[in-house]
Amino acid sequence: MTLGRKARDKRPRVKPVERIALPEGNTALRAAAAVVFLVIGVTLLIYAASRLFAVDPGWQTIEAGASEGTTCGDEFVFSYELGAGEASAAAESRGLKAVYTAACRKAYQLFHTLESFEGVVNLREINLHPNETLTVDEGLYRAFETVQRSGERTLYLGPVYARFENVFSCIDDAQLVEFDPQASEDVRREYEAMAGYARDPEAVNLRLLGDNQVCLEVSEDYLSFAQREEIDRFLDFGWMRNAFVADYLAEELAENGYTNGFISSYDGFSRNLDSRGTGYSQNIYDLVDGVTYPAGVMEYDGPMSIVYLRDFPSDELDSRRMYQLRNGELRTTYLSTADGRCRSAANNLICYSKMAGCGEITLQIAPVYVADTLDASALEALAESGIHSIRCEDWVVRGTDPALALTNLYENEDVRYTASLG
């Protein structure tokens, strides 16, 4: 069908586009406004960036840098009051993190028993080169000196630790038969044999030759035994490792002038570096019939080394050093040189000193704690040498230090803790 000439056009009428000239003044205003908004935007970006990298003064948790390689930083908490000195908080944070990261990386390498690192003579290298003279890092040499002065032989339980640490990877009690001397008579005899060598300085002994030189002396009989049993780990700090790592980190920080803080490991080793008189506290827990009680709080100030030994888990990292059986029994890393079995004379024990480091305290308390029963007279003897202790017995917090500031003793309608000091 064809439309006629008179058909109505229904399309809307649109006015033609008109070009309107804007005054030059308006163009200048718009340009000026654009510049203002640009300046505001740049200013906001600069402010946002400055806040992103700003460091506020006060207490902060310092973490080891993740980009610097594997460190021991995940096992420690380092708290520090930034900006309390002459440097700004930001400048102090940068310097402190660099020192702490380097120290954590070096400590991780020095005390490692499974891995070698280029240019580093660590425990692994010493174990692989018995009867050879090697030069070690000064920090590791100091740790060996502390062990030698104590006469404690736990360091030589390396073969037992190498085998027993597999317990903490077990996912079922049935797997313990391969590694636990309490689950297998064969394993028990093997551990007793290895512990026998560990106790004998004629069989294995680390000689300190001065100038950071050491020689791991191993007898022919022990070497033959090690070859048959495929042993390549004679030395291992075992459960004491972080005591010496805490000392190493504290010494590195102090040498670089960073002392306004404290460092502590998940497994109970703490070093307070602060000599300003700032008040600090240490929580005291007690385990009774499977229930953990916050028995009290130890208040103190000034530099302090604290060793808190416990045979029950309280941190997710404890799976690295504890295994709980279905019947509730626990296996821990507190191995005895008597027979290689794990022992603990108490659920927990706190020892502290203003003079001794964590390593020294640990070596002194080891034969007291890694035992079947707790010897109170031994704790009193340690107190005379400046190493005090705190323990809980029958709802009583007992301390060997008569001057101990003990607060917040726990009590409810069923339980009430009291204190006995001195």
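Everything quoted here is computed from the prediction, not taken from an experiment.

Reading guide: rules and limits
Residues numbered from 1 in each chain as written. Predicted model: local features only at pLDDT ≥ 70, side-chain atom pairs only at ≥ 80, totals over all residues. Heavy atoms only, no water. Helix = DSSP H or I, 4+ residues; strand = E, 2+ residues; numbered from the N terminus. Buried < 20%, exposed > 50% of the residue type's maximum accessible area, 1.4 Å probe, protein only. Contact = heavy atoms within 4.5 Å. Pairing = 2+ DSSP bridges. Lys, Arg positive; Asp, Glu negative; His and termini not counted. Salt bridge = Lys/Arg side-chain N within 4 Å of Asp/Glu carboxyl O. Polar contact = N/O pair within 3.5 Å; in protein donor to acceptor, adjacent residues only side chain to side chain. Axes fitted to C-alpha atoms, helices over the stretch in contact; angles between N-to-C directions. Parallel < 35°, antiparallel > 145°, perpendicular 65-115°, else oblique. Left-handed = near helix turned anticlockwise from the far one by under 90°. Arc of directions from axis to C-beta. 1 Å grid on protein atoms, 1.4 Å probe; cavity = no way out; pocket = protein on both sides within 12 Å on 5 of 7 lines; lining within 4 Å. Points joined across faces, edges and corners; volume = space filled by probe spheres on them. Nonpolar A, V, L, I, M, F, W, Y, C, P; charged D, E, K, R; others polar. Core = buried A, V, L, I, M, F, W, Y, C linked by side-chain atoms within 4.5 Å. Phe/Tyr/Trp six-rings, centres within 6.5 Å; stacked < 30°, edge-to-face > 60°. pLDDT = per-residue confidence, 0-100. Disulfide = S-S within 2.5 Å.

**Focus on the environment of Ala-338**
Argument step 1. As for its placement among the helices and strands, Ala-338 is situated in the loop between strand 12 (330–332) and strand 13 (348–353).
Argument step 2. Looking at Ala-338, the relative accessible area reads 48%, which means it is partly exposed.
Argument step 3. Taking C-alpha positions, Ala-338 is 7.6 Å from Gly-196, a pair spaced 142 residues apart along the chain.
Argument step 4. Discounting residues that sit within four places of it in the chain, Ala-338 has contacts with Ala-195 and Arg-199.

**Description of the pairing of strand 14 (residues 388–393)**
Argument step 1. Burial runs high along strand 14: 5 of the 6 residues are buried.
Argument step 2. Across 4 bridges, the pairing between strand 14 and strand 15 (residues 396–399) is antiparallel. Looking at the pairing, Ile-390 lines up with Gly-399 of strand 15.
Argument step 3. Hairpin geometry of strand 14 and strand 15 is characterised by an intervening segment of 2 residues between the two adjacent antiparallel strands and by a positive phi of about 50° at Asp-394.

**Considering the side chain of Arg-153**
Argument step 1. Here Arg-153 shows up in the loop between helix 4 (138–150) and helix 5 (158–164).
Argument step 2. Buried charge without a partner: Arg-153 forms no salt bridge, and the closest opposite charge is Asp-200, 6.2 Å away.
Argument step 3. Engagement of the side chain of Arg-153 in a polar contact is seen with the backbone oxygen of Asp-200, the distance being 3.2 Å.
Argument step 4. Each residue touching Arg-153, except ones within four places of it in the same chain, is listed here: Tyr-197, Ala-198, Arg-199, Asp-200, Pro-201, Val-204, Asn-205 and Thr-337.

**Looking at the packing of helix 4 against helix 8 (residues 241–255)**
Argument step 1. The N-to-C vectors of helix 4 and helix 8 enclose an angle of 130°; their axes lie 10 Å apart at closest approach. Looking at the two axes, helix 4 sits oblique to helix 8. Helix 8 is crossed by helix 4, and the crossing has right-handed handedness. Facing Gly-139, Arg-142, Ala-143, Thr-146 and Val-147 of helix 4, the residues of helix 8 in contact are Phe-244, Tyr-248 and Glu-251.

**Some words on helix 7 (residues 220–229)**
Argument step 1. Buried within helix 7 are the following residues: Tyr-222, Phe-225 and Ala-226. In an axial view of helix 7, the angular spread of the buried residues amounts to 100°, which keeps them on one side of the axis. Turned more than 90 degrees from where helix 7 packs its buried face, Glu-220, Gln-227 and Arg-228 sit exposed.
Argument step 2. Buried residues belonging to helix 7 abut helix 5, helix 6 (185–199), strand 4 (204–210) and strand 5 (213–218).
Argument step 3. Backbone geometry just downstream of helix 7 places Glu-230 in the positive-phi region, at approximately 55°.

**Focus: the pairing of strand 8 (residues 279–288)**
Argument step 1. Note that strand 8 and strand 9 (residues 291–301) share 10 bridges and pair antiparallel. Each residue of the ladder has a partner; that of Asn-283, found in strand 9, is Val-297.
Argument step 2. Between strand 8 and strand 9, which pair antiparallel one after the other, the connecting turn spans 2 residues, and Asp-289 there sits at a positive phi close to 50°.

**Brief notes about empty space enclosed by the protein**
Space left empty within the atom packing is revealed by a probe, the size of a water molecule, rolled over the atoms.
Argument step 1. Counted under the stated rule, the structure contains 1 cavity of 30 Å³ or more.
Argument step 2. For the lining of the largest cavity, a count of residues per class yields 6 nonpolar, 1 polar and 1 charged.

**Topic: the sheet that holds strand 3 (residues 133–135)**
Argument step 1. Pairing is antiparallel across the open sheet formed by 3 strands, whose spatial order is 3-5-4. Either end of the sheet is taken by a strand with one partner, and the two such strands are strand 3 and strand 4. With strand direction ignored, the average angle separating the axes of adjacent strands in the sheet is 30°.
Argument step 2. With 6 bridges connecting them, strand 4 and strand 5 associate as antiparallel partners. In the strand pairing of strand 5, Leu-206 is matched with Leu-216.

**Regarding the nonpolar core**
Argument step 1. Ranked by internal contacts, the top residues of the largest apolar core, which has 95 residues, are Tyr-100, Ile-126, Phe-144, Phe-237 and Leu-249.
Argument step 2. What Phe-144 contacts, discounting residues up to four positions off in sequence, is Leu-123, Ile-126, Leu-155, Leu-206, Leu-208, Val-214 and Phe-237.
Argument step 3. Ranked by size, the runner-up nonpolar core spans 19 residues in total, among them Tyr-293, Tyr-352, Val-415 and Tyr-417.

**As for the packing of aromatic side chains**
What characterises a pair of aromatic rings is the spacing of the ring centres plus the angle enclosed by the ring planes.
Argument step 1. Inspection of the entire model under this criterion finds 23 aromatic pairs.
Argument step 2. Taking the centre distance of 4.7 Å and the plane angle of 50° together, the rings of Phe-237 and Phe-244 count as tilted.
Argument step 3. Here the aromatic rings of Tyr-280 and Tyr-300 are separated by 6.0 Å at their centres, their planes lie at 25°, and the arrangement is stacked. One end of the pair, Tyr-280, is in strand 8; the other, Tyr-300, is in strand 9, and 20 residues separate them in sequence. In this structure, Tyr-280 and Tyr-300 share a single accessibility class: buried.

**Overview of the confidence of the model for the protein**
Argument step 1. Taken residue by residue, the protein gives an average pLDDT of 90. The fraction at 70 or more is 87%.
Argument step 2. Scored below 50 in pLDDT, residues 1–20 shows 0 contacts in the model against residues more than four places distant or in partner chains.
Argument step 3. Every residue in residues 46–53 is under pLDDT 50, and counting partners more than four places away or in other chains gives 1 contact.

**A look at the sheet that holds strand 16 (residues 405–407)**
Argument step 1. Read across the open sheet, the 3 strands follow the order 8-9-16; overall the sheet is antiparallel. Single-partner strands in this sheet number two, and they are strand 8 and strand 16. In this sheet, adjacent strand axes meet at a mean angle of 30° when their direction is disregarded.

**So, the state of the cysteines**
Argument step 1. The final tally for this structure, using the stated rule, is 0 disulfides.
Argument step 2. No disulfide involves Cys-72; its sulfur sits 4.1 Å from that of Cys-104, the nearest cysteine.

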